[in-house]
Amino acid sequence: MPFGTYKEVMALKAKDSKITGVSQDGGVVTALLCYALDKGVIDGALVAGKGETPWLPKPTIATTKEEIMAAAGTKYTINPVVSVIKDAVREQGLEKLAVVGTPCQIYAVQKMRLYPVGARHIPDKIALTIGIFCTENFSYAGLRTIIEDHCKVPVDSVTKMEIGGGKFKVKAAGKEVAIPIKETHKYEQEGCHVCSDLTAEFADISTGSIGTPEGWSTVFTRTTKGKDLLAKALADGIFEKKSMDEFKSPTAPPAPGKKPIKTGLDLLEQMDKQKKDKAKKTFDERKAMGLFVTPEILY
Ligand SMILES: Cc1cc2nc3c(=O)[nH]c(=O)nc-3n(C[C@H](O)[C@H](O)[C@H](O)COP(=O)(O)OP(=O)(O)OC[C@H]3O[C@@H](n4cnc5c(N)ncnc54)[C@H](O)[C@@H]3O)c2cc1C
Ligand code: SF4
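Note that the structure is a prediction, hence the values are computed from the model and not measured.

(A) Spotlight on the side chain of Gln105. Considering the arrangement of structural elements, one finds Gln105 in helix α5 (residues 103-114). Look at Gln105 and you get buried, because its relative accessible area is 13%.

Below you can see the structure in the form of structure tokens.
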């Protein structure tokens, strides 16, 4: 099944302009976390906060809306969020924790729930997982090189970075620089090349930008918990909602010699398949070289 198991898929945008003013896409992650905190569904969230080094995220235990808002926006490098789960539970005494992470991090959290090796008392404290779509990630050194050497922008002047439409884009001091995504491939984390999960298939709720126009998010609910929380948030008017049918691929045949244009869920499905095929290819290459591979991580 493309995109893993899910209950519903829709396009959403947070109504609170304070949230959409700082969020990466439709502000679904930040708005849902703030809503869940308000309603007592969670008492804290593990997010990618700002650290001292520009654009190097710091795994952060956010217990207020201000802290959640301060962590909005995508940082295209690793935020080792799983490393602070124990602190959140054992030192800060949180009982209902939300975890925001890339698909691999959500996978790790779910694995921890099923096989809590060295993580006693943790699984039942995880109240919500929100997964963000992820095609690839970069090391911090790689990210800096992309920004400073390829985009020719000082990393500390960047206000937003974004990947979309085959480009890596940075906004800095009122200007926007876009470079072909091809230029960034060599800075990708090696480990991402065996990753076959684009849409965070193991989260309660998954969200990303592919499939919806700028300022909106594509959202999957995957578990009863995720579905119920989102239904309540929708009933309380937290989001504007559209059907994914609004973003369907054009039905007109492509111009001669051109490929059909894919949009909406068709585009997401195509990218999901590309990621799975690429992971399988890398997996087979590694196996042929006699390198260690874990078949279970391909799905
Ligand atoms: C490395 C990476 C690659 C991505 N690739 C794609 C892609 O190919 N296609 C796509 O549609 N979407 C991708 N996304 C997701 C997208 O950029 C947005 O994060 C997502 O759409 C949520 O937007 P939002 O407005 O709801 O989030 P916001 O309300 O802005 O909140 C974003 C949340 O993500 C957390 N976060 C930020 N950076 C990281 C990080 N490095 N690791 C873990 N959590 C983080 C923040 O703490 C915050 O809670 C990627 C994200 C990352 C981190
Ligand atoms: S591509 Fe996969 S392994 Fe790499 S950061 Fe994204 S989810 Fe994790």
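(B) Representation of the environment of Gly4 within the structure. Looking at the secondary structure, you find Gly4 in the segment before β1 (8-14). On a C-alpha basis, the gap between Gly4 and Phe202 in space is 7.9 Å, while along the polypeptide they are 198 residues apart. Excluding its chain neighbours within four sequence positions, the residues that come into contact with Gly4 are Glu201 and Arg222.

(C) Main features of the domain arrangement of the chain. Partitioning the chain into domains gives domain 1 (8-137 + 190-289) and domain 2 (139-187). For domain 1 versus domain 2, the distance between C-alpha centres works out to 22 Å. Taken together, the contacts link 13 residues of domain 1 with 13 residues of domain 2. Summed over both sides, the interface between domain 1 and domain 2 buries roughly 1200 Å², with carbon and sulfur atoms accounting for 57% of that surface. In terms of surface lost to domain 2, no three residues of domain 1 exceed Pro54, Trp55 and Tyr76, which account for 50% of the buried area on that side. Linking domain 1 to domain 2 there are zero salt bridges.

(D) The site of ligand 1, seen in detail. The environment of ligand 1 is made up of 29 residues, and the closest members are Asp25, Thr30, Thr74, Thr135 and Ser209. At 2.7 Å, a side-chain N or O of Thr74 approaches an oxygen atom of ligand 1. Here a nitrogen atom of ligand 1 and a backbone polar atom of Thr77 are 2.8 Å apart. At three residues, helix α2 (residues 28-38) tops the list of elements feeding residues into the shell around ligand 1. Looking at the shell around ligand 1, its residues break down into twelve nonpolar, 14 polar and three charged.

(E) Quick peek at the site of ligand 2. Surrounding ligand 2, one finds Pro103, Cys104, Cys134, Thr135, Glu136, Asn137, Gln189, Cys192, Cys195 and Lys275. Its residues assigned to classes, the shell around ligand 2 comprises five nonpolar, three polar and two charged.

(F) Seen up close, unusual backbone geometry. The phi angle at His121 is positive, at roughly 70°, despite the residue not being glycine. In this structure, His121 sits in the loop between α5 and β5 (126-132). In this structure His121 comes out as exposed when scored by relative accessible area, which is 51%. Positive phi values are uncommon outside glycine, yet Ala200 reaches one of about 50°. Within the secondary structure layout, Ala200 lies in the loop between β8 (175-180) and β9 (205-208).

(G) Seen up close, the sheet that holds β8. Strand order in the open sheet formed by three strands is β6-β7-β8, and the pairing between neighbours is antiparallel. A strand with exactly one partner marks an edge of an open sheet, and here the two such strands are β6 (158-164) and β8. Taken over all neighbouring pairs, the strand axes of this sheet differ in orientation by 15° on average, direction set aside. Bridge analysis of β6 against strand β7 (residues 167-172) gives six bridges, and the strand direction is antiparallel. Its bridge partner lying in β7, Val158 is registered against Ala172. Along the sheet, helix α6 (residues 140-150) contacts β6, β7 and β8; its crossing angle with β7, the most-contacted strand, is approximately 70°.

Procedures and definitions
Residues numbered from 1 in each chain as written. Chains lettered and ligands numbered in written order. Predicted model: local features only at pLDDT ≥ 70, side-chain atom pairs only at ≥ 80, totals over all residues. Heavy atoms only, no water. Helix = DSSP H or I, 4+ residues; strand = E, 2+ residues; numbered from the N terminus. Buried < 20%, exposed > 50% of the residue type's maximum accessible area, 1.4 Å probe, protein only. Contact = heavy atoms within 4.5 Å. Domains from an automatic or database assignment. Buried area = accessible area lost by both parts, 1.4 Å probe. Salt bridge = Lys/Arg side-chain N within 4 Å of Asp/Glu carboxyl O. Near = heavy atom within 4 Å. Polar contact = N/O pair within 3.5 Å; in protein donor to acceptor, adjacent residues only side chain to side chain. Nonpolar A, V, L, I, M, F, W, Y, C, P; charged D, E, K, R; others polar. Pairing = 2+ DSSP bridges. Axes fitted to C-alpha atoms, helices over the stretch in contact; angles between N-to-C directions.

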